[in-house]
There are 2 protein chains.
Amino acid sequence: MQTALTAIDRTFSMPIATENAAPQPRFAAEAAGIGATRSFAKDEEIYAEGDPATRYYKLISGVVRTCKLLTDGRRQIEAFHVAGEIFGIERSAEHRFSAEAVSPVTVIAYRRCPLEVLASSDGPLARQIVATALLNLERAQEHAVLLGRKSAMEKVATFLLDMAERVHHHDDAFDAIELPMARSDIADYLGLTIETVSRTLTQLERDAVIALPAARRNIVLRNKAALRRLNA
Amino acid sequence: MQTALTAIDRTFSMPIATENAAPQPRFAAEAAGIGATRSFAKDEEIYAEGDPATRYYKLISGVVRTCKLLTDGRRQIEAFHVAGEIFGIERSAEHRFSAEAVSPVTVIAYRRCPLEVLASSDGPLARQIVATALLNLERAQEHAVLLGRKSAMEKVATFLLDMAERVHHHDDAFDAIELPMARSDIADYLGLTIETVSRTLTQLERDAVIALPAARRNIVLRNKAALRRLNA
DNA sequence: CGTTTGATTGATTCAGGTCAAGAATAGTGG
DNA sequence: CCACTATTCTTGACCTGAATCAATCAAACG
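Residues numbered from 1 in each chain as written. Chains lettered and ligands numbered in written order. Predicted model: local features only at pLDDT ≥ 70, side-chain atom pairs only at ≥ 80, totals over all residues. Heavy atoms only, no water.

A. A look at unusual backbone geometry. All names here are of chain A. Here Ala208, not a glycine, exhibits a phi torsion of approximately 60 degrees, which is positive. Considering the arrangement of structural elements, one finds Ala208 in the loop between α7 (194-206) and β10 (210-211). With a relative accessible area of 33%, Ala208 lands in the partly exposed category. (Helix = DSSP H or I, 4+ residues; strand = E, 2+ residues; numbered from the N terminus. Buried < 20%, exposed > 50% of the residue type's maximum accessible area, 1.4 Å probe, protein only.)

B. Focus on the packing of helix α5 (residues 152-167) of chain A against α7 of chain A. All names here are of chain A. At a minimum axis distance of 10 Å, the contact between α5 and α7 shows a crossing angle of 75 degrees. Looking at the two axes, α5 sits roughly perpendicular to α7. Residue-level inspection shows Ala152, Met153, Val156 and Leu160 of α5 in contact with α7, the latter providing Thr196, Thr200, Leu201, Gln203 and Leu204. Tallied by class, the residues present in the contact of α5 with α7 amount to six nonpolar, three polar and no charged. (Axes fitted to C-alpha atoms, helices over the stretch in contact; angles between N-to-C directions. Parallel < 35°, antiparallel > 145°, perpendicular 65-115°, else oblique. Contact = heavy atoms within 4.5 Å. Nonpolar A, V, L, I, M, F, W, Y, C, P; charged D, E, K, R; others polar.)

C. Looking closely at the relation of the copies chain A and chain B. With an RMSD of 0.1 Å, the fit of chain A onto chain B corresponds to turning through 180 degrees and sliding 0.0 Å along the axis. In symmetry terms, the pair is related by a two-fold rotation axis. A share of 100% of interface residues in chain A that are also interface residues in chain B marks the association as one of identical surfaces. (Least-squares fit on C-alpha atoms with pLDDT ≥ 70 in both.)

D. Local environment of the sheet that holds strand β9 (residues 176-178) of chain A. Reading across from one edge, β9-β11-β10 (chain A) is the order of the three strands in this open sheet, with antiparallel pairing throughout. What marks the edges here is a single partner per strand, and that holds for β9 and β10 of chain A. (Pairing = 2+ DSSP bridges.)

E. Focus on the interface of chain A and chain B. Listed by partner, the interface residues are 47 residues for chain A and 47 residues for chain B. When the two sides are added together, the surface that chain A and chain B hide from each other amounts to roughly 4200 Å², 62% of it contributed by carbon and sulfur. When the buried surface of chain A facing chain B is broken down by residue, Arg91, Leu134 and Arg149 of chain A rank first, second and third, together holding 18% of it. Our count for the chain A to chain B interface comes out at 12 salt bridges. As a salt-bridge pair, Lys68 of chain B and Glu142 of chain A come within 3.1 Å of each other at their nearest N and O atoms. Seen at the junction of chain A and chain B, the total is 24 residue pairs in polar contact (both at pLDDT 80 or more). For the side of chain A that touches chain B, the leading source of residues is helix α4 (residues 124-149) of chain A, giving 19 residues. Classifying every residue of the side of chain A that touches chain B by side-chain character gives 20 nonpolar, 11 polar and 16 charged. (Buried area = accessible area lost by both parts, 1.4 Å probe. Salt bridge = Lys/Arg side-chain N within 4 Å of Asp/Glu carboxyl O. Polar contact = N/O pair within 3.5 Å; in protein donor to acceptor, adjacent residues only side chain to side chain.)

See below:
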């Protein structure tokens, strides 16, 4: 994580050397004032907690985490966002969580429209913003249930199923996932420590529910039914 | 503990204590899009998880909890709602949490408008719905941080400050709160057990941070600064 | 008054955290 | 392509905060 704050200043980051094989500049409509494409390196900050919330972001490629730090360094990751999702929607004038690139990321940044416009304009974008806010609310609520009442094993099982579903766009046929995030991200998302996440994954492998290849961020779901049973 | 909540709770509670699960009355008002007043007794269910989400509710008096049960009976309370707040907003066709009256409750039920209408109609109500969804999102996110990363002591401190602020409408002058909910509700909201909630409150009293009168649901905040320090 | 429900307290257990090595992987520069 | 780091991940030993189990205790309520 190098120059954190530069993220926002480089608004129209042309270079895009780090741009993965992802969707490029896009169409004139978007280039013409509606949205600007921007790229971020792994671990780069997209916005910080407390930054003015002047835009929201549509994720074109890569994975983003939104999180908050407590005064003593404890961290809670509120959500992961994958390609196609919108993040950065706020009620107040400031971002209440920071957003960071988990992997190299390309986004389209849209100028934020005030709430009154949002609830009264009838463009498809306004509709999408409202829908996204409600989806994020749903996820945050489900996440609270997980954090408040599930065991470590249940948390990890829920996480694996959820990631598999989102990354494969609800196609249940695939049984392998390539996690873009480190164990520490998983731990801070699930309210656990990295050691517990690791031990739990090892346990699942011993129980033949998953397989952990040498590249430890690849996980093969060998027994989704068992995972679903653990899903509580 | 009778006199406590009644001030707020009784506000509109005319008769209807027994008009339970049968929400028939429905006045011409609702048909006209204005909303119908309904009352619920303590612990009565306003809607259940899985019920069709055909309306949302504005809370006139009393306190409501929205919660979810895991298969084995573990419960997570997602939020408490107090007078003036709107709850029951959903993205999908069904309620994903149940809503129950913590105290006697009066609400106005509004017919739900579809998402497209919400994002395109410009009445003040649509605006309020969107604003409420965003507020609930904020709270759910903050709640996730609490559930995932705070200690029992920090959770209770946060809860007391939060309830004091909401019940007194952000007027910091008051230092006593009359909690409408049982210890079990607090525990299921904070992801703790009732024993831990009780022990933590006792500890706070020993430390002269709060006082616990004979009516145990009244709590006097003797040292808000100390609570804020615990707020992490 | 008993009776019931809710809250507190104490004794004990345990899931998950902490501390401390290692092992494996992925970078990095030569 | 290979040594050489530097991360990241795993594993083990141990500890602890909160859960569980089990009595009381105290209000609230007929």
